[in-house]
Amino acid sequence: MTTRQLVSLVTGVLIIAVLIPICLSVWLAHRQAEDTFVAALDRYSERVLIRAERVVGQGKTALNQLNEFQDVPCSHEHLLQMRRVAYSLRYVQEVMYVDDQKPVCSSLEQVSNAARFPPPARVTVDGYSAWLTQQNDLGFKRFMLVLGKGHYMVVIDPASLIDVIPFGSWPIEAALVGEDSGVVFASSNPLNQDVWSQLHGEHLTQLQHKGSMYVVKDVPELRYAVVAWASLVPLKESWHQQLLFWLPFGALISIVAAAFIMRVLRRLQSPRYRLLDAINARELVVHYQPIVALDTGKITGAEALVRWPQPDGSMLSPNIFIPLAEQTGLTTRLTRLVIEKVFEDMGEWLRHYPDQHISINLSPADLFCGELPSLLSRLLNQWQIKPQQIALELTERGFADPKISAPAVASLRHSGHPVYIDDFGTGYSSLSYLQDLDVDTLKIDKSFVDALEYKNVTPHIIEMAKSLKMAMVAEGIETEGQLEWLRRHGVQYGQGWLYSKAMPKVEFIMWAENNLDPE
């Protein structure tokens, strides 16, 4: 993955990192408010269930007491006993004595004319029968819960099953629904039948419907369900309150995440990482500036000059990224790429023209890189090129301490590579160290060529190179006057726009083919 792709990825992550905590805080606020709301409904439903169990338990207690009575059925004492039970147990509305499920007498009537009860809708595991019926001696035209055992039945008002006060600050409604019949036999407010159909049909435990939340609790023993519901308006108010807590927390996380990712992004966008990415992606290209013999104009080789293409089509100057590479420790990687590209570009051409050479610039760090000799040896063997065809140029800084640099230079020359001093005269004022250097060629910097008439030191440099039997290459030749002066003073080789600027591989080869023999 390239740095550019990484930057795009990190930018996307930055956006997500900022949005996710905010969105998560909103979600958490809503979730917590909803959980609190549903929990309140669940607690209310549980309390309704407890109340229902208490009421039904009272009905069972009444039946157990009545079945212990041994006197004459429907006698004065018997009626009095049934009335005592109905009066003492608050949830029991009526007690009936039955024979074969036909009421004979009750706590309200000495003689009952009520019709026979049908078979029970449910028989509990502990032997109690249950009916949900509108049949009673009380004259009520609504469903009543009837429990029976032996010769007795007790009538319970279902409204007592849901007579529970909510603990919360908002009203909660409840309803009891027969699971088999779907009949709502007790309700604090009317229950929407469509809601019950969806809850029962899809076996849901909770449901939001038209601005209300519904929860369901089953009572398997008696085959009915408790449905509790409340308006969602309090949920929205609670959500807003939770949001006041969670939103600042999410915003804080977003700020921290954004700061961290921005730091990573700035690092990825740093010049060093851009250059490293360009090197790893092999985006850098090599152009070639011809080097010619000044007396004949015949090409003798070229200097390899690296270029960095930019997205807008321009080329970044080496004067910008070469110092960057040196400052950030990327020079050896950059040099390795340039060497590999030189052989890829010019290997075939150099093999066909063994008298031609390509000179490659090295930095002081490259001089002490242990991989350089083996890399050059491998590529020379691969392309079947003579070592003399690959010249190595070093700036004066590379020779700052001849005692350290001399062995490395000697090793390169021993391998057959010509060694040049590049940009001579621009780095050190003293020229006396020339005699201590084991080099082949001295390159005269363009700044001296531009002002031959004004810099009296140039003739001295030339004379010193001659006395040390060093060849000379003048850089930056742009006029015929400069060429004539250099020829007259014995400079053998030159390069510059008078001949050609640095060119891509294909253009250079075409130019070279036309200048191998100018005559």
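The structure we're discussing is the one just above.
Cut-offs applied
Residues numbered from 1 in each chain as written. Predicted model: local features only at pLDDT ≥ 70, side-chain atom pairs only at ≥ 80, totals over all residues. Heavy atoms only, no water. Salt bridge = Lys/Arg side-chain N within 4 Å of Asp/Glu carboxyl O. Helix = DSSP H or I, 4+ residues; strand = E, 2+ residues; numbered from the N terminus. Buried < 20%, exposed > 50% of the residue type's maximum accessible area, 1.4 Å probe, protein only. Arc of directions from axis to C-beta. Contact = heavy atoms within 4.5 Å. 1 Å grid on protein atoms, 1.4 Å probe; cavity = no way out; pocket = protein on both sides within 12 Å on 5 of 7 lines; lining within 4 Å. Points joined across faces, edges and corners; volume = space filled by probe spheres on them. Nonpolar A, V, L, I, M, F, W, Y, C, P; charged D, E, K, R; others polar.

Novice: Mind showing me how you'd approach the pattern of salt bridges here?
Specialist: Any two side chains of opposite charge can pair, so long as their charged atoms come close to each other. Taken as a whole and assessed by the stated rule, the structure comprises 16 salt bridges. Two residues, R116 and D100, come together in a salt bridge whose shortest N-O distance is 3.3 Å. Of the two residues, R116 sits in the loop between strand 2 (102-106) and strand 3 (122-123) while D100 sits in the loop between strand 1 (92-99) and strand 2, which places them 16 residues apart along the sequence. Its relative accessible area of 46% is what places R116 among the partly exposed residues. A salt bridge links D450 to K446, with the nearest nitrogen and oxygen atoms 2.8 Å apart. Of this pair, D450 and K446 both sit in helix 11 (residues 446-450), 4 residues apart, roughly one helical turn. On the basis of relative accessible area, D450 is assigned to the partly exposed category, the value being 39%.

Novice: How should helix 13 (residues 480-488) be read in this particular structure?
Specialist: By the burial criterion, the buried members of helix 13 are Q482, L483, W485 and L486. Around the axis of helix 13, the buried residues are gathered within 165 degrees of arc, so they sit on the same side. Facing away from the buried side of helix 13 by more than 90 degrees, the exposed set consists of E480 and R488. In this structure, the buried residues of helix 13 make contact with helix 11, helix 12 (457-467) and strand 19 (471-474).

Novice: I would appreciate a short explanation of the layout of surface pockets in the present structure.
Specialist: Where empty space is left in the structure can be found by rolling a water-sized probe over the atoms. In this structure, the largest pocket occupies an estimated 1,200 Å³ of space. Lining the largest pocket we find 44 residues, and of these E303, L305, P318, N319 and N361 sit closest to its centre. Counting only elements with at least two residues in the lining of the largest pocket, the list comes to strand 12 (285-293), strand 13 (299-309), strand 14 (315-316), helix 6 (318-327), helix 7 (331-352), strand 15 (357-362), strand 16 (390-395) and strand 17 (419-424). For the lining of the largest pocket, the element with the most residues is helix 6, which contributes 6 residues. For the lining of the largest pocket, the per-class residue count stands at 16 nonpolar, 14 polar and 14 charged.

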